[in-house]
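# Architecture at a glance
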Amino acid sequence: MLSLNNLESLMAKKKEIESIIGQKRKQLMMPQAESTDELSLYDQHPADAASDLYEREKDAGLLEMLEFELEKVNDAIERYNTGQYGICENCGKEIEPQRLKRLVNTTLCAKCAAEIQDKFTRPAEEDITSTGSMADKGETFQIAGYEFYEE
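Residues numbered from 1 in each chain as written. Predicted model: local features only at pLDDT ≥ 70, side-chain atom pairs only at ≥ 80, totals over all residues. Heavy atoms only, no water.

## Re the overall build of the protein chain
Check the secondary structure of the protein chain and you find six helices and two strands. Residues classed as buried in the protein chain amount to 19% of the 151 residues present. For the protein chain, contacts bridging at least 24 residues in sequence account for 54% of all contacts bridging at least 6. For the protein chain, the exposed surface amounts to about 11800 Å²; the carbon and sulfur share of it is 53%. (Helix = DSSP H or I, 4+ residues; strand = E, 2+ residues; numbered from the N terminus. Buried < 20%, exposed > 50% of the residue type's maximum accessible area, 1.4 Å probe, protein only. Contact = heavy atoms within 4.5 Å. Areas by Shrake-Rupley, 256 points an atom, 1.4 Å probe, with all protein chains shown as cover.)

Take a look at the structure:
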């Protein structure tokens, strides 16, 4: 059922993520003034400083995502050690080998993952008829007691 390749894949994934986390942490520990190639921020346009700040915030978000991914890999290694790796947490059936090969830290089979997947539904506000279709029919609607097309 499960081979040593699964554990090797998990350990390789863990090592890869830890390496990337180390690089991101090193980048984020450097002060922003040192991370730019400028000698002074005095002559910099505020938009340039904002762009640099945006990139740092994006890197911080990526670091958080990578730390979460590392936690999932560590959980998968623990599941392997306890003999639960490759078994769906939801239905208890074996997770497809192709799925485990692609997503080494998954805890759900494809069927359960599809059922649990967050189904995006459009907001209720979008069910309201758009102004364009109302205007085509000659109808109007009111906003705060006034006709929308009143001048």
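## Overview of the nonpolar core
A general tendency of soluble globular proteins is for nonpolar side chains to be buried together. Residues Leu 10, Ile 21, Tyr 85 and Cys 88 are the most contacted members of the largest nonpolar core, which totals 19 residues. If you list the elements that add at least two residues to this core, you get helix H1 (4–29), helix H3 (46–81) and helix H5 (110–116). Here this core takes seven residues from H3, the largest share from any one element. In this structure, Cys 88 is in contact with Lys 93, Ile 95, Thr 107, Leu 108, Cys 109 and Cys 112, ignoring residues within four places of it in sequence. (Core = buried A, V, L, I, M, F, W, Y, C linked by side-chain atoms within 4.5 Å.)

## Let's talk about the pattern of salt bridges
Opposite charge on two side chains allows them to pair when their charged atoms are near. Going through the model one piece at a time under the given rule, you end up with five salt bridges. With a closest N to O distance of 3.7 Å, Lys 72 and Glu 69 form a salt bridge. With Lys 72 and Glu 69 both in helix H3 and three residues apart, this pair spans about one turn of that helix. For Glu 69, a relative accessible area of 23% puts it in the partly exposed group. Put simply, Arg 79 and Glu 89 hold a salt bridge, and the shortest N to O gap is 3.4 Å. (Salt bridge = Lys/Arg side-chain N within 4 Å of Asp/Glu carboxyl O.)

## What to know about the confidence of the model for the protein chain
Low-pLDDT stretches of the model should not have their predicted coordinates read in fine detail. Here the protein chain averages 79 in pLDDT, and 70% of its residues register 70 or above. Per-element confidence in the protein chain ranges from a low mean pLDDT of 51 for helix H6 (residues 131–137) to a high of 89 for H1. (pLDDT = per-residue confidence, 0-100.)

## Section: H3
For H3, with 36 residues, the first-to-last C-alpha span of 53 Å sits near the 52 Å given by 1.5 Å per residue. Turning to H3, its buried residues number three or more, namely Arg 56, Asp 59, Leu 63, Leu 66, Leu 70, Val 73, Ala 76, Ile 77, Arg 79 and Tyr 80. Just downstream of H3 lies Gly 83, where phi reads positive at about 85°. (Expected span 1.5 Å × (residues − 1).)

## Some points on the side chain of Arg 79
Counting through the fold element by element, Arg 79 comes out in helix H3. Classification of Arg 79 by relative accessible area gives buried; the value is 15%. Looking at Arg 79, its side chain comes within polar contact range of the main-chain oxygen of Ile 87, at 2.6 Å. A polar side-chain atom of Arg 79 sits 3.4 Å from a polar atom in the side chain of Glu 89. When neighbours within four sequence positions are excluded, Arg 79 is seen to be in contact with Gln 84, Tyr 85, Ile 87, Glu 89 and Thr 107. (Polar contact = N/O pair within 3.5 Å; in protein donor to acceptor, adjacent residues only side chain to side chain.)

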